[in-house]
Amino acid sequence: MNIDGSFRLGTLATDAPDLNYGVAPLPSYKEKATQSSFWANGITAKVEGEKLEASKKFLAFLTSDEVMERWIDEVGELPAKEAVATQDKYVNDPLYGPFIEQLPYANAQFYVDETAQRQYVIDAVNEVLLNGVSIEDAYNDFAAKSQKLYDDYWSNK
């Protein structure tokens, strides 16, 4: 089992084209909820002149329906435009469909340092599985490290 985003579909298609697998929505406890990820393209405030005009054209290109469809077909990541993502060909697709099904109740995580936070989770799991640390102690250590990242980040804002 692998818990990941739709962007993993492109990697699997390239790296393991003969892999027989399926995609399903993540289970939930009391109410439907799942994680979601997103990224954005933007133009920084200091861009001016020709670079600004070129940037605007490039963003218009990236956000066109045609390019978003090409992006999902080649990369596997869901389009940013709801109208593109919710086309029948994607909603009814056995791989993309479960990701789209979860979008109405998906929540994104604000990461201060995604690499560090991912490592904290890996370390906590390893502490439990490899070193016999209690789940509660491993979780508390993970939470303290994560909280420090946020505290340090917001103290400078």
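Residues numbered from 1 in each chain as written. Predicted model: local features only at pLDDT ≥ 70, side-chain atom pairs only at ≥ 80, totals over all residues. Heavy atoms only, no water.

## Observations concerning the environment of Glu50
Point 1. Along the polypeptide, Glu50 turns up in helix α2 (residues 49-62).
Point 2. Looking at Glu50, the relative accessible area reads 73%, which means it is exposed.
Point 3. Separated by 20 residues in sequence, Glu50 and Arg70 have C-alpha atoms that sit 27 Å apart. (Helix = DSSP H or I, 4+ residues; strand = E, 2+ residues; numbered from the N terminus. Buried < 20%, exposed > 50% of the residue type's maximum accessible area, 1.4 Å probe, protein only.)

## Brief notes about the confidence of the model for the protein chain
Point 1. In the predicted model, the protein chain carries a mean pLDDT of 89, and 96% of its residues have values of at least 70.
Point 2. Element-level pLDDT for the protein chain is lowest in strand β1 (residues 34-36), with a mean of 69, against a maximum mean of 96 in helix α8 (residues 135-155). (pLDDT = per-residue confidence, 0-100.)

## Considering the pattern of salt bridges
Point 1. Scanning all chains against the criterion turns up eight salt bridges.
Point 2. Asp65 serves as the salt-bridge partner of Lys81, at 2.9 Å between the closest nitrogen and oxygen. Highlighted residues: Lys81 in the loop between α3 (65-74) and α4 (82-85) and Asp65 in helix α3, separated in sequence by 16 residues.
Point 3. A residue is classified by how much of its surface remains accessible, and Asp65, at 38% relative accessible area, is partly exposed.
Point 4. For Arg70, the salt bridge identified is with Glu74, shortest N-O distance 3.1 Å. (Salt bridge = Lys/Arg side-chain N within 4 Å of Asp/Glu carboxyl O.)

## Observations regarding a nonpolar patch on the surface
Point 1. A cluster of nonpolar side chains, Val121, Val125, Leu129 and Leu130, forms an exposed patch at the surface whose accessible area comes to about 400 Å².
Point 2. In this fold, Val125 is placed in helix α7 (residues 114-131). (Patch = residues over 30% accessible without salt bridge, like charges linked within 9 Å, V, L, I, M, F, W, Y side chains within 5 Å. Areas by Shrake-Rupley, 256 points an atom, 1.4 Å probe, with all protein chains shown as cover.)

## So, the packing of aromatic side chains
Point 1. One pass over the full model with this rule turns up seven aromatic pairs.
Point 2. Between the aromatic rings of Phe110 and Trp154, the centroid separation amounts to 5.8 Å while the plane-to-plane angle is 35°, which identifies the pairing as tilted. Here the residue Phe110 occupies a position in the loop between β2 (106-108) and α7, and Trp154 occupies one in helix α8, the gap between them amounting to 44 residues.
Point 3. Accessibility expressed as a relative area gives 41% for Phe110, which makes it partly exposed.
Point 4. Clustering of aromatic rings is evident, with ring pairs tying together Phe110, Tyr150, Tyr153 and Trp154.
Point 5. Between the NZ or CZ atom of Lys157 and the centre of the ring of Tyr153, over which it lies, the distance is 4.4 Å. (Phe/Tyr/Trp six-rings, centres within 6.5 Å; stacked < 30°, edge-to-face > 60°. Lys NZ or Arg CZ within 6 Å of the ring centre and 35° of its normal.)

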